[in-house]
Amino acid sequence: MNRKEFLSLLLLCAATPKSLANYEDQDNPKWPSATSSEMNYILFSLYESPPRWLFDLPLKPTDKSKFKSSPMIGTEFIDEQVQYKTIQHHGFYLSSLLGNEIPTSNGPAVKMKEVLNNALVIRGCNMNKDGHDTNSKVLESSSEGQVSLGGQIASASQRPFKAIAVNGNHADLYKGVISSFKTPSGISATNCVDDQNYIKQILDLFKNDKEINSEETIKNFLSSLSEKLKTRDSFHYQKINKICKLPFEKIYKEFETLNAKYNNLIKAAHKNFKLKNITDTEIKGVKFPATFQINEDKSTDPLDYLGAHQFLDHILTDDDLNNIFKEINYELLAQRFALIEISLKFKLTNVLIINIDPFDNLKISQAAPLNSITHKIDGDKITFSANKSLGFTSSKKKNLEFTNDAHYIGTLPALIGYSKIYHLFSTCLFELQNTLKSSGEFNKTLMHITSEFERSPQKNQAGSDHGWQGHTSTLISGKINNFNIIGSIKESSSNILKDHFCTWGEANYHPGLHREMRYGDIITTIADIFKVKSTEGGISLVKEDPKGNILPKFKEDI
C-alpha cells in the first residue's frame, strides 16, 4: 500500500496506540470543522523581559499622572544624558520612541505608534513570583500540568495543529511558556527550532511518498512517527490525512516569499530610518583615564561611575556606541513573522506562541573588561584606568549577541539596543496587522505582547533588575477600536536594593478590583474575549459593547 492509503487505514485501526490513530478529539468532539470564524491567538513573549518603558508601558500617560524620574529610564539621549520624553497618541502620552517612522511593504512609512491604534495596554500587574522560567510559564498557566489559556482556546478548534510555537535559543523549552501549553486532553505545542526552515519542520514529516507495503515497514513507520511526535504532537491525530493533502510546495514557496518580505522590511527599517536623539546622535564610550568627583557614598567601584556604559562584564569605549549596532542580524525575527502569516493563511492552527529573541552580530571595536580597570584617588577625585591589553573586539567574539536580560546592560547600550529591537519588532508587527486586515482576519485575531515582569533600574545605571511586582500585557485586535490603558502603577518604587526610587511600573492598588491586579485577571480577560472558560481564578478587565468591541470594564480605567 502507499503512504496515503496506510494513513487512512491508520486512522481506523483500533489496535494502534491512542497517541497515533485511535485518538478522539477529547477537547471538543462536536466542534464544527475549521472555518474563518475561529479566533486566532498569537502570544509574543519578550523572553528575559527587556525594559517595556521604551515601547508599550506608559509611565505618565496623562497630565494627572505622577512621575518620578530615573537617570536610567529614558527614551532619548539629550545633553549627554538619557531623558524620558513622550508623544501623544489617542489622548495619552506614550514613549517618544513611538514617534519614529517604520517602513511598510506597499506604501509610505508610518509612525511606530500606528502599531498601537487597536491596542489595550494592561499595566500594573503584580506577578507575585520571580524568575524568568517561573514567570514565563505563568504566561500560559500558573500550575504545572494544568490546562493552559492557549490550550483552552485551541480546544475549540479543529485546525490540524493545536498550537505552533517558536521557543528560540534563550528560553528553556521544558521550563518556559511553551512548556506550559496544554489542552484539556493533554496535547502540547509543536515547537520549531531556529537552525531549520520553520514550516518544513512542521510539514515535512507528512510529506513522504515512500511505499509502506509490509508489516515491518508499518512497524518502523509507527515507531519513527511516534518518536518524532514527542515534541511536535499538537495536532489532531485523526487529521493526519488532511495534513497530507495540503499543497506542500505552494506553502513552502509562499513561506520563502513571506520570509523575504519581512527580511526586506527589517533591513529597510535598520538601514534607512533614524531614531530621534538616539541613532542620529553621537553617544560616546568611556575614554580612559576617566576622572570623576568621588560620589557621596565614597565608592571606588567603577560601575558607580561608569555603569551607564556597561555591556555584560565590560565597559564600552567605542567612539560612538551606535556603531556597535550598525551590522546587526535579525533574520530569525523575519522567519517568525513569516511562520505566523503562513500558519493563519492556510489555517494550520489558531494558536501561535512566539518567543522574541534579541539580535546578534554586534560589532564592538573596543571594550574594557571590568577586571582590567584600576583606580587612583587624589583628594576628592577618583581616576579610573584600563589595561588595554585585556580589552576585546567583536572580531574575537563571533556573532556577539545582544540580550533581552538587562541585568548587566547599562543605560546607553540599553537605550540604543532595546530601541532597535522595538523598532524592528514594530515594523514586522505593523505588516502583520495590515495583512490580517486585508484578509478580514484582524477582527478575528488577538495578539498578546507580554514578558515575565518589568525592570527596576539600578542606582548606578549599570543595568536593571527583575521588577516582578509589575507586569505589562498589550492586547491588539480589530475588536479593540481605540487605544486605551488599564491599570495603575506606583509613582515611586524601589529597586531590589531599595537604594533607588522612581517610576518604573510597579503595580498599584486598583480601585475597580479593590486590590492589586494579578496575572490571573489578565488570563481571565483573554478567556473572556475568546468566550472560553478561564483557567485561572481572576476577574475580567474588559466588557463588550453591543457591536462586539472590547472596552475597559472599570470606569477607573477609562
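Only a predicted model underlies this, so the values are computations on that prediction, with no experimental measurement involved. (Residues numbered from 1 in each chain as written. Predicted model: local features only at pLDDT ≥ 70, side-chain atom pairs only at ≥ 80, totals over all residues. Heavy atoms only, no water.)

Caption draft 1: Focus on the sheet that holds strand S18 (residues 381-386). If you trace the three strands from one edge of the open sheet to the other, you get S12-S18-S17, paired in antiparallel fashion. Each of the sheet's edge strands pairs with one partner strand only, and the pair in question is strand S12 (290-293) and strand S17 (373-378). Neighbouring strand axes in the sheet, compared pairwise and without regard to direction, differ in orientation by 25° on average. Summarising the sheet, S12 and S18 pair through four bridges and their orientation is antiparallel. Its bridge partner lying in S18, Gln293 is registered against Lys381. (Pairing = 2+ DSSP bridges. Helix = DSSP H or I, 4+ residues; strand = E, 2+ residues; numbered from the N terminus. Axes fitted to C-alpha atoms, helices over the stretch in contact; angles between N-to-C directions.)

Caption draft 2: Up close: helix H12 (residues 519-530). Taking 1.5 Å of rise per residue, the 12 residues of H12 would be expected to cover 16 Å, and the 17 Å separating its terminal C-alpha atoms lies within 8% of that figure. A large share of H12 lies buried, amounting to 11 of its 12 residues. When H12 is considered as a whole, its buried residues turn out to be Tyr519, Gly520, Asp521, Ile522, Ile523, Thr524, Thr525, Ile526, Ala527, Ile529 and Phe530. Taken from the residues just after H12, Lys531 is the one with a positive phi, measuring 60°. (Expected span 1.5 Å × (residues − 1). Buried < 20%, exposed > 50% of the residue type's maximum accessible area, 1.4 Å probe, protein only.)

Caption draft 3: Geometry of the pairing of strand S1 (residues 40-45). Burial analysis of S1 places six of its six residues in the buried class, the great majority of the element. In the sheet, S1 pairs with strand S19 (residues 445-450) via six bridges, with the strands oriented parallel. Paired with Asn40 across the strands is Thr445, a residue of S19. The pairing of S1 with strand S15 (residues 351-355) spans five bridges and is classified as parallel.

Caption draft 4: Representation of unusual backbone geometry. Put simply, Phe288 and Pro289 share a cis peptide bond, and its omega is -5°. Residue position: Pro289 is located in the loop between helix H8 (248-272) and S12. Phi at Glu48 is positive, roughly 85°, even though this residue is not glycine. Note on placement: Glu48 falls in the loop between S1 and strand S2 (76-78). Residue Glu48 is classed as buried on the basis of its relative accessible area, which comes to 12%. Of note in the backbone geometry, Gln461 takes a positive phi value of approximately 65° without being a glycine. Within the secondary structure, Gln461 sits in the loop between strand S20 (454-457) and strand S21 (464-467). Residue Gln461 is classed as partly exposed on the basis of its relative accessible area, which comes to 21%.

Caption draft 5: Here's a closer look at the nonpolar core. Counting 101 residues, the largest nonpolar core has Phe44, Ile199, Leu203 and Phe337 as the members making the most contacts within it. The residues touching Leu203, leaving out its near neighbours within four places in the chain, are Phe161, Ile243, Leu246, Phe248, Ile251 and Tyr252. Counting 38 residues, the second largest nonpolar core, distinct from the first, contains Tyr41, Ile178, Leu475 and Phe530. (Core = buried A, V, L, I, M, F, W, Y, C linked by side-chain atoms within 4.5 Å. Contact = heavy atoms within 4.5 Å.)

Caption draft 6: Here's a closer look at the confidence of the model for the protein. Mean pLDDT over the protein works out to 88, with 86% of the residues at or above the 70 mark. Across residues 230-238 the pLDDT falls below 50, and counting only partners more than four positions away or on other chains, this stretch makes 41 contacts in the model. (pLDDT = per-residue confidence, 0-100.)

Caption draft 7: Local environment of helix H11 (residues 411-439). For H11, spanning 29 residues, the distance from its first C-alpha to its last is 41 Å, which sits close to the expected 42 Å at 1.5 Å a residue. Of all 29 residues making up H11, 24 are buried, and the element is well covered by its neighbours. Positive backbone phi, at 80°, marks Gly440, one or two positions downstream of H11.

Caption draft 8: Just the packing of H8 against H11, in detail. Running from N to C, H8 and H11 cross one another at 140°; their axes reach a closest spacing of 10 Å. The pairing of H8 with H11 is recorded here as oblique in orientation. With respect to the hand of their crossing, H8 and H11 are arranged in right-handed fashion. Residue-level inspection shows Lys261, Tyr262, Leu265, Ile266, Ala269 and His270 of H8 in contact with H11, the latter providing Lys420, His423, Leu424, Thr427, Cys428, Glu431, Leu432 and Thr435. In terms of residue class, the contact of H8 with H11 is made up of seven nonpolar, four polar and three charged. (Parallel < 35°, antiparallel > 145°, perpendicular 65-115°, else oblique. Left-handed = near helix turned anticlockwise from the far one by under 90°. Nonpolar A, V, L, I, M, F, W, Y, C, P; charged D, E, K, R; others polar.)

Caption draft 9: Main features of the packing of aromatic side chains. Per the counting criterion, the structure on display carries 19 aromatic pairs. Centroid distance Phe44 to Phe425: 5.4 Å. Interplanar angle 80°. Geometry classified as edge-to-face. Here the residue Phe44 occupies a position in strand S1, and Phe425 occupies one in helix H11, the gap between them amounting to 381 residues. Each member of the pair Phe44 and Phe425 is classed as buried. Note on Phe325 and Phe402: the rings are 5.6 Å apart at their centroids and 75° apart in plane angle, and the pair reads as edge-to-face. Placement of Phe325 in the loop between strand S14 (314-316) and helix H10 (331-345) and of Phe402 in the loop between S18 and H11 is noted, with a sequence separation of 77 residues between them. On the basis of relative accessible area, Phe325 is assigned to the buried category, the value being 3%. Ring pairing ties together the aromatic residues Phe44, Phe55, Tyr262, Phe337, Tyr422 and Phe425, which thus form one cluster. (Phe/Tyr/Trp six-rings, centres within 6.5 Å; stacked < 30°, edge-to-face > 60°.)

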